[in-house]
Amino acid sequence: MATYIVLLGSPGAGKGTQADILIEQTGLEHISSGDLFREHIRKKTELGQLADSYMGKGELVPDDVTIAMVTERISSPDCDRGAILDGFPRTLVQAEAIRITLNEKGTDVTVVPYITAPEEILIARLSGRWTCRASGHVYNNLYSPPAQKGICDICGSELYQRNDDTVETAKKRLQVYTEKTLPLINYYRKQNKLVKIQGNQPIEKVTEDLLAALNIEA
Ligand code: AMP
């Protein structure tokens, strides 16, 4: 049986950090729509240019191109065992699209951990976040600084601040989240797939709660 996990939660809730840990524990593929867009931006593709114009303002990239990009990724054979979806779906239209794609493969979303944290924590996390250029490892100058300023502990590459990780854009992203993504909580609750996880805890404790929700032993 394939396992498709949708990590739900606002920007800054810790979805990316937890996804990185979960892929180690489960061997599933990690699909981050934000990372896929950043890859397109880096490669200067047409989709990258379009996505950049929305991302820089903290707005969502339109559903049609986002759905096409993620559907293509999830349809590749390495995702046949399942995947961890991080940052997708973010709208009801996207949620229905992924349901239909998975149903066509004879499967469906398995479980939806919903990671929550208070807004002031989210803004502090987003605006203090530094990301490694080579592999996307994430640091925070308040909560989890690198050993050497500006350098990734894991791969030694340069750390940079995403242009949507400013206080202003972080606030806009949280507002967009409330408007467009919060309805997904009810959508998945009605399907009995939602499991609430307290994100305002040490990283290891959040992982422990997630593994318990997924029925996986650490
Ligand atoms: P993230 O890395 O998940 O925080 O995403 C960064 C930005 O990429 C978001 O603020 C959006 O502009 C865009 N983005 C990522 N995932 C989606 C999605 N599922 N739908 C629309 N836009 C997205």
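A few points on the structure. These numbers come from a predicted model, not from an experiment. (Residues numbered from 1 in each chain as written. Predicted model: local features only at pLDDT ≥ 70, side-chain atom pairs only at ≥ 80, totals over all residues. Heavy atoms only, no water.)

### Examining the packing of aromatic side chains
- Counted by the stated rule, this structure contains 1 aromatic pair.
- The interplanar angle of 85° and the centroid separation of 4.9 Å between the aromatic rings of tyrosine 187 and tyrosine 188 together place this pair among those described as edge-to-face. The two residues tyrosine 187 and tyrosine 188 agree in class, both being buried.
- Above the plane of the ring of tyrosine 54 lies lysine 57, whose end atom (NZ or CZ) is 6.0 Å from the centre.
- In this structure, arginine 133 is placed above the aromatic ring of tyrosine 160, and the distance from its NZ or CZ to the ring centre is 4.4 Å. (Phe/Tyr/Trp six-rings, centres within 6.5 Å; stacked < 30°, edge-to-face > 60°. Buried < 20%, exposed > 50% of the residue type's maximum accessible area, 1.4 Å probe, protein only. Lys NZ or Arg CZ within 6 Å of the ring centre and 35° of its normal.)

### Brief notes about the site of the ligand
- In the region of the ligand, 16 residues are neighbours, and Ser33, Arg38, Glu59, Gly87 and Arg90 sit closest.
- A distance of 2.9 Å separates an oxygen atom of the ligand from a polar side-chain atom of arginine 38.
- Backbone polar atom of glutamate 59 to an oxygen atom of the ligand: 2.6 Å apart, as the coordinates give it.
- Protein contacts shield 95% of the accessible area of the ligand, which totals 480 Å² for the unbound molecule.
- By residue number, the principal contributor to the shell around the ligand is helix α2 (residues 33-42), which donates 4 residues. (Near = heavy atom within 4 Å. Polar contact = N/O pair within 3.5 Å; in protein donor to acceptor, adjacent residues only side chain to side chain. Areas by Shrake-Rupley, 256 points an atom, 1.4 Å probe, with all protein chains shown as cover. Helix = DSSP H or I, 4+ residues; strand = E, 2+ residues; numbered from the N terminus.)

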